[in-house]
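Architecture at a glance
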Amino acid sequence: MVALTKDRNTHKRLGEQYEPPVDAAVKIFGGSIVMLSAAGNAAPATAASELTVAGVSQEYIDNSAGAAGTVRVKVERGKAFLLENDGGITVANIGDTAFAVDDQTVSVTATSRSPVGRIVDVDADGVWVFIPEHPFTPRAANADTSGLAVAALETEVNELKAVLRDAGLIAA
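Quick caveat, the model's predicted, so the values are computed rather than measured.

Let us look at the overall build of the chain. Helix and strand content of the chain: one helix and twelve strands. Helices and strands appear in the chain in the N-to-C order β-β-β-β-β-β-β-β-β-β-β-β-α. Across the 172 residues of the chain, 34% fall into the buried class. Here the analysis covers contacts within the chain between residues at least 6 apart in sequence; of these, 51% occur between residues at least 24 apart.

Right, let's get into a negative patch on the surface. Negative charge collects at one region of the surface, where Glu 84, Asp 121, Asp 123 and Asp 125 lie side by side. Within the secondary structure, Asp 125 is located in the loop between strand S11 (115–123) and strand S12 (126–131).

A separate point is the confidence of the model for the chain. Confidence along the chain averages 87 in pLDDT terms, with 88% of residues attaining 70 or more. When mean pLDDT is taken per element in the chain, strand S2 (residues 26–28) scores highest with 98 and helix H1 (residues 148–166) scores lowest with 72. Segment residues 137–146 is flagged for pLDDT under 50; beyond a separation of four residues in sequence, or across chains, it makes nine contacts in the model.

What follows concerns the packing of aromatic side chains. Tallied over the entire structure, the rule returns one aromatic pair. Geometrically, the ring pair formed by Phe 29 and Tyr 60 is tilted, given 5.3 Å between the ring centres and 40° between the ring planes. Remark: Tyr 60 occurs in the loop between strand S5 (52–57) and strand S6 (61–63) and Phe 29 occurs in the loop between S2 and strand S3 (33–36); sequence separation between them is 31 residues. Taking relative accessible area as the criterion, Phe 29 reaches 45% and is therefore assigned partly exposed. Using a relative accessible area of 43% as the deciding quantity, one classes Tyr 60 as partly exposed. Positioned over the ring face of Tyr 18 is Arg 77, at 4.5 Å from the centre of the ring.

Each value, and the rule that gives it
Residues numbered from 1 in each chain as written. Predicted model: local features only at pLDDT ≥ 70, side-chain atom pairs only at ≥ 80, totals over all residues. Heavy atoms only, no water. Helix = DSSP H or I, 4+ residues; strand = E, 2+ residues; numbered from the N terminus. Buried < 20%, exposed > 50% of the residue type's maximum accessible area, 1.4 Å probe, protein only. Contact = heavy atoms within 4.5 Å. Patch = residues over 30% accessible without salt bridge, like charges linked within 9 Å, V, L, I, M, F, W, Y side chains within 5 Å. Areas by Shrake-Rupley, 256 points an atom, 1.4 Å probe, with all protein chains shown as cover. Salt bridge = Lys/Arg side-chain N within 4 Å of Asp/Glu carboxyl O. Lys, Arg positive; Asp, Glu negative; His and termini not counted. Charge placed at Lys NZ, Arg CZ, Asp CG, Glu CD. pLDDT = per-residue confidence, 0-100. Phe/Tyr/Trp six-rings, centres within 6.5 Å; stacked < 30°, edge-to-face > 60°. Lys NZ or Arg CZ within 6 Å of the ring centre and 35° of its normal.

Next up, the structure:
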């Protein structure tokens, strides 16, 4: 390709909207937690480790008879979503990581589960989980202990606080 010599209509997509390809033989319901496999295909969240959260599905997709990648699903992220509580999450867990139990339920128990996002509130209706725009992936068992991991977490927390301030959920 060569450099532009005239204006170009460059398409854009908001960082909070995403349409990953759907895995083979799955149904994804609107409002469900969607995870990505190592191959990058979307599927409903399950209690499995090493998956990457894609976001929350904005539509129903039936790919039960299709091959991987034949359809895409609209997901949204960069917001706090109300999810089901497995019964073990309390207000004391605000700020902790929420892990997928299934496609609508989260837990603070990490064993054999993938992270969904940060818990920002807990009420009678469930657990509010902030799913960031960038992929929220599990940390390796040998995570950096030199302070870089702490600095990255501090940046994530500050970004979350800014979103909550902008939404009027916390004071400036």
